[in-house]
Amino acid sequence: MEGPADPEHDPTAAYALEPDYVDGLTARLVATTGRTVALMSPLDGAPLAHVPQSSADDVAEAFTRARRAQAVWSRTPLDERSAMLLRLHDLVLDRQDEICDLIVLESGKARKHAYDEVLHIALTARYYARTAHRHLDTERKMGVVPGLTRVEVNHVPKGVVGIISPWNYPFTMALCDGIPALLAGNAVVTKPDAQTMLTALLGARLLAEAGFPQDLWQVVAGPGRELGTPIIERADYICFTGSTATGKLIAAQCAERLIGCSLELGGKNPLLVLRDADLERAAEGAVRASFSNAGQLCVSMERMFVADQVYDRFVERFVARTQAMTLGATLDWDNDMGSLISQDQLDTVVAHVEDAVAKGARVLVGGKARPDLGPFFFEPTILEGVTPDMTCFGTETFGPVVSLYRFHDEADAVARANDGDYGLNASIYSQDGARAREIARHVKCGTVNVNEAFGATFASIDSPMGGMRESGMGRRQGSEGIHRYTESQSVATQRLIRFGPMLGMSDETYAKVMTANLRLMKKLGRA
Ligand code: NAD
């Protein structure tokens, strides 16, 4: 990164960013209030930069610019749009050091978890670039009169998409939903979370460097409760990622305007270890499942159901691997887990663990805040004996805390995994892949990973990703992830015959002819 630190700029802030670098990023904001908000690095709790704030009028201006840009963009050939995505792919890989530095500074996560974001955006950009025609080309459909009714379906852009994104994977969440929106011919107005605004702005800069017209991607900064409504009032579609509570507010506002929305929300995800699981593999996966990004991951596992026959051997391995994890607040690759992002997150995690322990849960490993490492650190924590009266039994912690449960019967394990209101992601470890896939059909989650924690589905961009029940609506990735940003428009061209009686035929005769026709079509096996 160009000048990550400038100790002279603010002697109390070891990680304060070069003002020129920050200005270069924030220049991309539509923000005229004159107000700024201080960004703090969770690595040390000290100031990182100041970010200008947007008003409702700025949101209106962002939409005006985006709409103007979209009118031109929707006529840009698909191959040109795809070529820009392939340039973005290369840029993201070339600039990974800068991207990872900024993600770590803003979020406090371990560098290897920041790199996951680089991977995900490169995969997403390449996937949509290479499959653009498959998703967006005009499709031929069956006409009602074979040979005489020619039917085509166009996938036309919605217009301007509003994207409201969270802080936990700030680079991925800022870009991954916008990439298919742009490719489909839309413009985007985005409001990233305030805590990770610079990473989102770096994403915007990379899009411009890849060739996307500047005004096509607008960024506004400010509290969601102030800017959310002005965005929803103007957007043609809303893509939201965040908490279930906020998602419900957004869905209600979209319903008022009859615009579509996709909602990627919370989870209380289950991991099942069946009696025939490879236990080393399951324990290694369990660490990544629960402690990636310190558990601040929508698809991470907070509940593990382990077959009685292998429970003790699995727990021994999982605990040993967790105890061996290295924690730290640095920009290098040395840490297995970094910090939580904020005092709010730390308070929630502490409250969940204290509540569970006070009501009788046992801490097998972890369980404590680590202010010696950084202001918001909390140890990776494994709990046993968690019961329904404890908050962490069914409420999302969104932190490095997982509860272990034994099961005797697989049907019972699936029923317990399906308990609660969420349905985002699940994982099943078994050496019998076919059986695990059969069990997966009964798990009420939008994604199920067999012998992997979450990466197998999340990184397979051709497959849809999203939640059932209170974990969301709609899907990102795959064809659903791009078609949500388009309207299907059917165009039917009728040749020779017209609809209705011809050549002086009476309505009654016409009805008889048509009835005979329908019977014939069925006999011929036509759809
Ligand atoms: P949040 O809902 O508070 O905030 C998310 C975004 O919504 C932020 O940009 C915020 O400014 C904005 N926002 C807040 N109130 C708003 C309002 N009234 N109107 C419009 N926008 C508003 O969520 P959070 O607590 O910051 O994020 C963590 C949650 O996000 C967790 O529950 C997690 O599971 C979920 N999440 C889900 C996914 C997924 O893909 N399913 C991914 C990441 C995070």
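From a predicted model like this one, the values you see are computed outputs, not experimental measurements.

K.L.:
Lay out the overall build of the chain with the relevant residues and their values.
P.N.:
When helices and strands are tallied, the chain shows 19 helices and 18 strands. Computed over the C-alpha atoms, the radius of gyration of the chain is 26 Å, within 12% of the 24 Å expected from 2.2 N^0.38 for a compact globule of 527 residues. Each of the three principal axes of the chain carries a C-alpha extent, and together these read 90 × 60 × 40 Å. Burial analysis of the chain (527 residues in total) assigns 54% to the buried set. Summarising the internal contacts of the chain: among those between residues at least 6 apart in sequence, 72% fall at separations of at least 24.

K.L.:
Lay out the domain arrangement of the chain with the relevant residues and their values.
P.N.:
Interface size is often expressed as the accessible area that is lost when the parts come together. What the domain assignment reports for the chain is domain 1 (11–137 + 164–265), domain 2 (269–466) and domain 3 (503–527). Its C-alpha centre places domain 1 at a distance of 55 Å from the equivalent point of domain 3.

K.L.:
Residue-level account of the site of the ligand, with values.
P.N.:
Close to the ligand lie 25 residues; Ser-165, Trp-167, Ser-243, Leu-265 and Glu-396 are nearest. Interatomic distance of 2.7 Å between a side-chain N/O atom of Ser-243 and an oxygen atom of the ligand. In this structure, Leu-265 approaches the ligand through a main-chain N or O atom, which is 2.8 Å from a nitrogen atom. Considering the ligand on its own, with 850 Å² of exposed area, one finds that the protein chains cover 86% of that surface. Within the residue set of the shell around the ligand, elements represented by two or more residues are helix H9 (224–234), strand E8 (237–241) and helix H10 (244–257). Residues that form the shell around the ligand fall into these classes: ten nonpolar, nine polar and six charged. Summarising the domain contributions, the shell around the ligand has at least three residues from each of domain 1 (11–137 + 164–265) and domain 2 (269–466).

Rules used throughout
Residues numbered from 1 in each chain as written. Predicted model: local features only at pLDDT ≥ 70, side-chain atom pairs only at ≥ 80, totals over all residues. Heavy atoms only, no water. Helix = DSSP H or I, 4+ residues; strand = E, 2+ residues; numbered from the N terminus. Rg over C-alpha atoms; globule rule 2.2 N^0.38 Å. Buried < 20%, exposed > 50% of the residue type's maximum accessible area, 1.4 Å probe, protein only. Contact = heavy atoms within 4.5 Å. Domains from an automatic or database assignment. Near = heavy atom within 4 Å. Polar contact = N/O pair within 3.5 Å; in protein donor to acceptor, adjacent residues only side chain to side chain. Areas by Shrake-Rupley, 256 points an atom, 1.4 Å probe, with all protein chains shown as cover. Nonpolar A, V, L, I, M, F, W, Y, C, P; charged D, E, K, R; others polar.

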